[in-house]
Amino acid sequence: MPAPTETTSPQPPRHLVVVANRLPVRRVGESWERSPGGLVSALEPAVRTSRTSWVGWTGVPDEPLDAFEHEGVDLRPVVVSADELQRFYEGFSNGTLWPLYHDAIFVPTFQEDWWEAYQAVNRRFAERTAEVASPGATVWVHDYQLQLVPAMLRELRPDLRIGFFLHIPFPAQELFLRLPWRTEVVRGLLGADVVGFQTSVGADNFRLVARRLLGARIEARTLVHAGGRTRVGTYPVGIDAERIREIAESPDTVRRAREIRAELGEPDTLLLGVDRLDYTKGIEVRLRALRALLDEGRVDPGRTVFVQIAQPSRDDAPGYAETRTLVEQMAGSINGDFGGIGAAVVQYLHQGQDLEELVALYRAADVMLVTPFRDGMNLVAKEYVAAQVDLDGVLILSEFAGAAHQMKQAVLVNPFDVRGLEAAMDEAVNGDRKVHRRRMALLRRAVFRDDAAWWAREFLDALERRSDPPPPPVPGSSDTGATHADPIGSGLVGRA
Ligand code: F6P
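Residues numbered from 1 in each chain as written. Predicted model: local features only at pLDDT ≥ 70, side-chain atom pairs only at ≥ 80, totals over all residues. Heavy atoms only, no water.

Concerning the overall build of the chain
For step 1, the next point in the chain: Counting its secondary structure elements, the chain contains 17 helices and 18 strands.
For step 2, the next point in the chain: The C-alpha radius of gyration computed for the chain amounts to 24 Å, which stays within 12% of the reference 23 Å derived for 496 residues, consistent with globular compactness.
For step 3, the next point in the chain: The buried share of the chain, reckoned over its 496 residues, is 55%.
For step 4, the next point in the chain: A fraction of 75% describes how many contacts in the chain between residues 6 or more apart in sequence connect residues 24 or more apart. (Helix = DSSP H or I, 4+ residues; strand = E, 2+ residues; numbered from the N terminus. Rg over C-alpha atoms; globule rule 2.2 N^0.38 Å. Buried < 20%, exposed > 50% of the residue type's maximum accessible area, 1.4 Å probe, protein only. Contact = heavy atoms within 4.5 Å.)

As structure tokens, then:
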């Protein structure tokens, strides 16, 4: 009789819980399909090696749904009511935080009942996550809609590893300090073991406000505070560059790109913008610069087309309808003054497009305009670069997009300087092709190296490396720690 072989029981895969405002799926007819967007593909490698749950909202108010599985991920819907949609999503998330964190280029509204809804919805997300997470699980919370979740969850489940990543900019102190609930927000974030930002500027801004408002001590990359230690790092989000390259090289895309140019009347120059219709994106500044170039006769309206895809977004949040009106008036006025029958200079589409069509547009375009006044990263800039398989396109990129920190070889512009943008557009259209091709090759190298999978791995590795157990609470730690706080800020510390 053969001796029994010794077996070691396989390690159970760790449990990863992703917490994001939206679930990674959207409803199509009776079934669900994966939503477009980087987060889902960025997490794919992690999902393959872990048991993954995803806590989020379907995007439809008052929709009570049981947990369900999609592509191997356990989805845990959170209900958001119609009233909360208005006060939590359109209100505090997109009428207060979004404009404030984007340098207040649209004036943020501070409203107590929005803040109350924000707290209530964050608490619901934290409670749902606490129910779902296995003992010792790794939880990764995403973005500005859920900044209170880390501390709420830490209180409910001290055994968890908690990471938080902010996809949008974290503003300068002077702006952040306007927020009447600033201390609560910082305290919420400090519930995490690791807080990640897109750029080092965001990370520095956060360290400074944590010191000023809560007396946190800055020890290299770590903040030491009354609730423990939080590592603060920079993790610039990437894209699934290989997927974009595959689509860009497919014969269908090549055919469609040719077809697009033909449908546009074979222009000499095709300029492109692809954005959510949002006041942060600087769509109007491109139109202003184009208008000036046309007025001055530096661009031939018969030989140039500017395609602007403006994906509908947050229609009922403050500022969005006004931005739409402005952009549409400007596009209409350029076409009225410079277009011909069947020959619009600006082709404006207020519609979303699928990824295949976008990549065909990227391949068809000579110049890509990414000119936000402020942007956390801007993945469109990276997608455009990944699609330039023949190195032909030129990327014009705002200095105020997080992407500019990594993409120095783009034609960088200040979107508040219309003259500068005109010059950049001129350079992109008429400059030395060889120089532009060399720059594109360098850009591509970085976009393929620091891709979405790299980003997720870097963040999750930092979270896994969290070794030090939280220190015992400091007596009186529930207070703002005014004795540790920066004396210059003492008049500002505490709840305003
Ligand atoms: O850029 C921030 C972000 O929340 C992204 O994560 C998301 O894809 C986008 O804005 C759209 O936001 P919303 O969920 O409001 O449609």
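Notes on the pattern of salt bridges
For step 1, the next point in the chain: Under the defined criterion, the tally for this structure stands at 40 salt bridges.
For step 2, the next point in the chain: For Asp204, the salt bridge is made with Arg207, and the minimal N-O distance between the two is 2.7 Å. Separated by three residues within a single helix, Asp204 and Arg207 lie in helix 8 (residues 200-214), roughly one turn from each other.
For step 3, the next point in the chain: What makes Asp204 partly exposed here is its relative accessible area of 39%.
For step 4, the next point in the chain: A residue is classified by how much of its surface remains accessible, and Arg207, at 11% relative accessible area, is buried.
For step 5, the next point in the chain: With its nearest N and O atoms 3.2 Å apart, the salt bridge here joins Asp426 to Arg298. Remark: Arg298 occurs in the loop between helix 11 (283-295) and strand 14 (304-311) and Asp426 occurs in helix 15 (residues 418-430); sequence separation between them is 128 residues.
For step 6, the next point in the chain: Residues joined by salt bridges that share partners form a network here, namely Glu296, Arg298, Arg419, Glu422 and Asp426. (Salt bridge = Lys/Arg side-chain N within 4 Å of Asp/Glu carboxyl O.)

Describing the packing of helix 3 (residues 82-101) against helix 4 (residues 112-132)
For step 1, the next point in the chain: Running from N to C, helix 3 and helix 4 point in directions that differ by 110°, and their axes come no closer than 8 Å. Taken together, the axes of helix 3 and helix 4 lie roughly perpendicular to each other. For the pair formed by helix 3 and helix 4, the contact residues are Glu84, Gln86, Arg87, Phe88, Gly91, Phe92, Ser93, Gly95, Thr96 and Leu97 on the first element and Asp113, Trp114, Trp115, Ala117, Tyr118, Val121, Asn122 and Arg124 on the second.
For step 2, the next point in the chain: For the contact of helix 3 with helix 4, the per-class residue count stands at eight nonpolar, six polar and four charged. (Axes fitted to C-alpha atoms, helices over the stretch in contact; angles between N-to-C directions. Parallel < 35°, antiparallel > 145°, perpendicular 65-115°, else oblique. Nonpolar A, V, L, I, M, F, W, Y, C, P; charged D, E, K, R; others polar.)

Considerations on the pairing of strand 11 (residues 222-225)
For step 1, the next point in the chain: Residues Thr222 and Val224 line one face of strand 11 and the alternating positions Leu223 and His225 line the opposite face, and both faces are buried.
For step 2, the next point in the chain: Judged from the three bridges that link them, strand 10 (residues 217-219) and strand 11 form a sheet pairing that is antiparallel. Bridging across to strand 11, Ile218 finds its partner in Leu223.
For step 3, the next point in the chain: Joining the antiparallel neighbours strand 10 and strand 11 is a turn of two residues, in which Ala220 adopts a positive phi near 50°.
For step 4, the next point in the chain: The sheet contact formed by strand 11 and strand 12 (residues 228-234) spans four bridges and is antiparallel. Bridged to Thr222 within strand 12 is Arg231.
For step 5, the next point in the chain: Hairpin connection of strand 11 to strand 12: two residues between the antiparallel strands. (Pairing = 2+ DSSP bridges.)

Observations regarding the site of the ligand
For step 1, the next point in the chain: Arg22, Tyr89, Trp98, Asp143, Tyr144, Gln145, Ile168, Arg276 and Arg314 make up every residue found near the ligand.
For step 2, the next point in the chain: Here an oxygen atom of the ligand sits 2.5 Å away from a polar atom, N or O, in the side chain of Tyr89.
For step 3, the next point in the chain: One of the side-chain N or O atoms of Arg314 is found 2.8 Å from an oxygen atom in the ligand.
For step 4, the next point in the chain: Coverage of the ligand by the protein chains reaches 65% of its 390 Å² of free accessible surface. (Near = heavy atom within 4 Å. Polar contact = N/O pair within 3.5 Å; in protein donor to acceptor, adjacent residues only side chain to side chain. Areas by Shrake-Rupley, 256 points an atom, 1.4 Å probe, with all protein chains shown as cover.)

So, the side chain of Ser53
For step 1, the next point in the chain: When you line up the elements, Ser53 lands in strand 4 (residues 51-57).
For step 2, the next point in the chain: On the basis of relative accessible area, Ser53 is assigned to the buried category, the value being 2%.

Considerations on the nonpolar core
In globular proteins that are soluble, nonpolar side chains generally tend to be buried together.
For step 1, the next point in the chain: In this structure, Trp54, Tyr362, Met368, Leu395, Leu397, Met407 and Trp455 are the most contacted members of the largest nonpolar core, which totals 69 residues.
For step 2, the next point in the chain: At eight residues, helix 17 (residues 452-464) tops the list of elements feeding residues into this core.
For step 3, the next point in the chain: There are two domains that each give this core at least three residues, and those are domain 1 (15-237 + 456-493) and domain 2 (242-449).
For step 4, the next point in the chain: Discounting residues that sit within four places of it in the chain, Met407 has contacts with Ala381, Lys382, Val385, Leu395, Leu397, Leu412, Leu443 and Val447.
For step 5, the next point in the chain: Val78, Tyr144, Phe176 and Val185 belong to the second-largest nonpolar core, a separate cluster that totals 62 residues. (Core = buried A, V, L, I, M, F, W, Y, C linked by side-chain atoms within 4.5 Å. Domains from an automatic or database assignment.)

Some words on the sheet that holds strand 7 (residues 138-142)
For step 1, the next point in the chain: In space, the ten strands of this open sheet follow the order 5-6-4-1-7-8-9-12-11-10, with mixed pairing throughout. For this open sheet the edge positions go to strand 5 (68-70) and strand 10, each flanked by a neighbour on one side alone. Direction aside, the axes of adjacent strands within the sheet are offset by 25° on average.
For step 2, the next point in the chain: Contacts from helix 8 reach strand 9 (194-197), strand 10, strand 11 and strand 12, with the element oriented near 155° to strand 12.

Quick word on the domain arrangement of the chain
For step 1, the next point in the chain: Domain boundaries assigned for the chain yield domain 1 (15-237 + 456-493) and domain 2 (242-449).
For step 2, the next point in the chain: Computed from C-alpha coordinates alone, the two centres of domain 1 and domain 2 are separated by 32 Å.
For step 3, the next point in the chain: The interface is formed by 21 residues belonging to domain 1 together with 20 residues belonging to domain 2.
For step 4, the next point in the chain: Both faces combined, the contact of domain 1 with domain 2 buries some 1,700 Å², and carbon together with sulfur accounts for 67% of it.
For step 5, the next point in the chain: Of all residues in domain 1, Trp98, Ile105 and Phe106 bury the most surface against domain 2, accounting for 31% of the area lost on that side.
For step 6, the next point in the chain: Counting every contact that joins domain 1 to domain 2 gives one salt bridge.
For step 7, the next point in the chain: Our count for the contact surface shared by domain 1 and domain 2 stands at six residue pairs in polar contact (both at pLDDT 80 or more). (Buried area = accessible area lost by both parts, 1.4 Å probe.)

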